[in-house]
Amino acid sequence: MTIGERIRARRKELKHTQRTLAKALKISHVSVSQWERDDSEPTGKNLFSLSKVLQCSPTWILYGDEDKEPDEYTPERPPLDERQQEMLDLFDALPESEQEAQLQQMRSRVMNFNKLFDELLKARQRTTKK
């Protein structure tokens, strides 16, 4: 399966149209269409957002790794695991000013991962062109 085929299949599995997916990602539906036709690929911020909306990992979108396949769709959010609950408890224990600092740090880390995904995608494109 290609990236576009994985995006299309997961979108349909979650009952999204190209327009509803685009709206959730705050992009044009043309971009979603281009991804699904493999005319272009989601990068950085869009890849991260797409993985959230499609409830799967960015690496599954890019590479289709079987061990990273998305779980069956469940409309309700699963309960938090112990680590997630601990993160919330620790966050809530901080003063508001420190909470904001922690959010900024997490945003920066996510941005760094988005850059890494961009670099991985570019490297993948270079190797597939050879």
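From a predicted model like this one, the values you see are computed outputs, not experimental measurements. (Residues numbered from 1 in each chain as written. Predicted model: local features only at pLDDT ≥ 70, side-chain atom pairs only at ≥ 80, totals over all residues. Heavy atoms only, no water.)

**Student:** In this structure, what is going on with the pattern of salt bridges? I would like to understand it.
**Tutor:** Side chains that carry opposite charge are capable of pairing whenever their charged atoms lie near each other. Going through the model one piece at a time under the given rule, you end up with five salt bridges. Across the pair Glu13 and Arg10 runs a salt bridge, and its minimum N-O distance is 2.9 Å. Here the residue Glu13 and the residue Arg10 both occupy positions in helix α1 (residues 3–13), the gap between them amounting to three residues, near one helical turn. In the salt-bridge network here, residues are joined through shared partners; they are Arg8, Arg11 and Glu36. (Salt bridge = Lys/Arg side-chain N within 4 Å of Asp/Glu carboxyl O. Helix = DSSP H or I, 4+ residues; strand = E, 2+ residues; numbered from the N terminus.)

**Student:** What exactly am I supposed to notice about the packing of helix α2 (residues 18–25) against helix α3 (residues 29–36) here?
**Tutor:** Each pair of packed helices can be described by the angle between their axes along with the distance between the axes. Contact geometry for α2 and α3: axes closest at 8 Å, N-to-C directions at 115°. The angle between the axes of α2 and α3 places the two elements in the roughly perpendicular class. Considering the relative orientation of α2 and α3, their crossing is right-handed. Touching Gln18, Arg19, Leu21, Ala22 and Leu25 of α2 are His29, Val32, Ser33, Trp35 and Glu36, all from α3. Across the contact of α2 with α3, the residue classes break down as five nonpolar, three polar and two charged. (Axes fitted to C-alpha atoms, helices over the stretch in contact; angles between N-to-C directions. Parallel < 35°, antiparallel > 145°, perpendicular 65-115°, else oblique. Left-handed = near helix turned anticlockwise from the far one by under 90°. Contact = heavy atoms within 4.5 Å. Nonpolar A, V, L, I, M, F, W, Y, C, P; charged D, E, K, R; others polar.)

**Student:** Where do I start with the side chain of Arg6 in this structure?
**Tutor:** With respect to the helices, strands and loops of the structure, Arg6 is situated in helix α1. No salt bridge is formed by the buried Arg6, whose closest oppositely charged neighbour, Glu5, lies at an N-O distance of 6.4 Å. Leaving out residues up to four positions away in the same chain, Arg6 has contacts with Met1, Trp60, Ile61, Leu62, Tyr63 and Gly64. (Buried < 20%, exposed > 50% of the residue type's maximum accessible area, 1.4 Å probe, protein only. Lys, Arg positive; Asp, Glu negative; His and termini not counted.)

**Student:** When you look at the nonpolar core in this model, what are you seeing that I'm missing?
**Tutor:** The nonpolar side chains of a soluble globular protein tend to be buried with one another. Counting residues in each nonpolar core, the largest one holds 18 residues, and the members touching the most others are Ile7, Leu21, Leu50, Leu54 and Ile61. Among the elements of the structure, α1, α2, α3, α4 (44–53), α5 (58–63) and α7 (96–129) are those that each provide at least two residues to this core. For Ile61, the residues in contact, after removing those within four places along its chain, are Ile3, Arg6, Ile7, Leu47, Leu50, Ser51 and Cys56. (Core = buried A, V, L, I, M, F, W, Y, C linked by side-chain atoms within 4.5 Å.)

**Student:** Whenever I open this one, a negative patch on the surface confuses me. Can you help?
**Tutor:** A cluster of like negative charges, contributed by Asp81, Glu82, Glu86, Asp89 and Asp92, occupies part of the molecular surface. With respect to the helices and strands, the residue Glu86 is situated in helix α6 (residues 82–93). When its relative accessible area of 49% is taken as the criterion, Glu86 is described as partly exposed. (Patch = residues over 30% accessible without salt bridge, like charges linked within 9 Å, V, L, I, M, F, W, Y side chains within 5 Å. Areas by Shrake-Rupley, 256 points an atom, 1.4 Å probe, with all protein chains shown as cover. Charge placed at Lys NZ, Arg CZ, Asp CG, Glu CD.)

**Student:** Whenever I open this one, α1 confuses me. Can you help?
**Tutor:** Because each turn of an α-helix spans 3.6 residues, side chains separated by three or four positions in sequence point in the same direction. Buried within α1 we find Ile3, Gly4, Arg6, Ile7, Arg10 and Arg11. Relative to the axis of α1, the buried residues are bounded by an arc of 160° and lie together on one face. Where the residues of α1 are buried, they touch α2, α3, α4, α5 and α7. (Arc of directions from axis to C-beta.)

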